[in-house]
Every structure is written in C-alpha cells, then in structure tokens.
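Next come the chains, spelled out residue by residue.
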Amino acid sequence: ASEISIVDKDEAAKTAALRVEAADKRVGGAVKATMSMKLTPDGDGTRLDVSTDANVMGRIGDFGQPVIRKKADQTLQEVAANLRKALAATV
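Residue indices follow the written sequence of each chain, beginning from 1 at its first position. Local features are withheld for residues below a pLDDT of 70 in this predicted model, meaning they are given only at 70 or higher, and side-chain atom pairs are given and counted only at 80 or more; totals for whole chains, interfaces and linings count all residues. No hydrogens and no water enter the side-chain calculation; it runs on all heavy atoms of the structure.

## Thoughts on the overall build of the protein chain
Secondary structure follows DSSP: runs of H or I at least 4 residues long count as helices, runs of E at least 2 residues long count as strands, and numbering of each begins at the N terminus. Along its length, the protein chain carries 1 helix and 4 strands. Element order for the protein chain, N to C, with α for helix and β for strand: β-β-β-β-α. Radius of gyration: over C-alpha atoms. The globule rule applied is 2.2 Å multiplied by the number of residues raised to the 0.38 power. The C-alpha atoms of the protein chain give 15 Å as radius of gyration, which overshoots the globular expectation for 91 residues (12 Å, by more than 25%). With the principal axes as the frame, the protein chain shows a C-alpha extent of 45 × 25 × 20 Å. Residue exposure (1.4 Å probe, protein chains only): buried if accessible area is under 20% of the type maximum, exposed if over 50%, otherwise partly exposed. Here the protein chain, with 91 residues, has 7% of them falling under the buried criterion. Sequence-distant contacts, at least 24 apart, represent 23% of the contacts inside the protein chain between residues at least 6 apart. Surface accessibility of the protein chain: about 7,400 Å² in total, with carbon and sulfur atoms responsible for 55%. One way to put it: in the protein chain the 14 positive side-chain charges average out to a point 5 Å from where the 13 negative ones average out. The contact criterion used throughout is that any non-hydrogen atoms of two residues lie within 4.5 Å. In short, Shrake-Rupley with a 1.4 Å probe defines the accessible areas, and a residue's cover is counted only from the protein chains shown. By the counting rule applied here, Lys and Arg register as positive and Asp and Glu as negative, while His and the ends of each chain are not counted. For charged residues, the charge sits on one atom: NZ in Lys, CZ in Arg, CG in Asp, CD in Glu.

Now the structure itself:
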C-alpha cells in the first residue's frame, strides 16, 4: 500500500513538498519520505530540482543504502525522462 500527499505548495515560489509512505508486507518493509521540489528558469526551459529525505524500514532496509540509493537514482532518472517526453509531446 502507498500514499502520496501534498504537504506544502507555494505557487509564487514555485515549490512543493510531498509526503510519501509505502509498505510492502511481502518483503516486510516500508518507506517514509518527504520530497521537496522547486522549479527555476533555466535558459529556454525550466529546471526541476528534487530532494528527498527517506527512511527505509524493515527487511527492505537490510539491502543497504548503496543498493537503495542506486535504485532510487535510477527511478528518478526514469521519471525525468518520461516527464521530458510528456512535455515534448504537448509542445
């Protein structure tokens, strides 16, 4: 089960923060994270900066930080690539 909620949004500053909570009983673990996002002009486009503070609990945390960090970075790169494609299709 997972839940994502907006905990802060400032349209004037172009910032937002999300709280993410997910649990998987099959692997006996859970993740609780806060993601902060900021949009800034960058040349002809817009830059999206994302920072995450995450706690990994249970057996899933036993994999170790390097493996979790690598997978999180890979997932964020996939999200960025898909966002680029979606934005390019609307222009």
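Okay, back to it.
## Quick look at the pairing of strand E4 (residues 45–58)
For a regular strand, side chains alternate in direction, first toward one face of the sheet and then toward the other. Whether two strands pair depends on DSSP finding at least two bridges between them. Strand direction decides the pairing type here: strand E3 (residues 29–42) and E4, joined by 14 bridges, are antiparallel. Paired with Val31 across the strands is Val56, a residue of E4. Between E3 and E4, which pair antiparallel and follow one another directly, the connecting turn spans 2 residues, one of which, Gly43, has a positive phi of 60°.

## Describing the pattern of salt bridges
One speaks of a salt bridge when a side-chain nitrogen belonging to Lys or Arg is within 4 Å of a carboxyl oxygen belonging to Asp or Glu. Going through the model one piece at a time under the given rule, you end up with 4 salt bridges. Note that Glu11 and Lys9 form a salt bridge whose closest N and O atoms lie 3.8 Å from each other. Per residue, the accessibility class of Glu11 equals that of Lys9, and both read exposed. A salt bridge links Arg19 to Glu21; the nearest nitrogen and oxygen atoms lie 3.8 Å apart.

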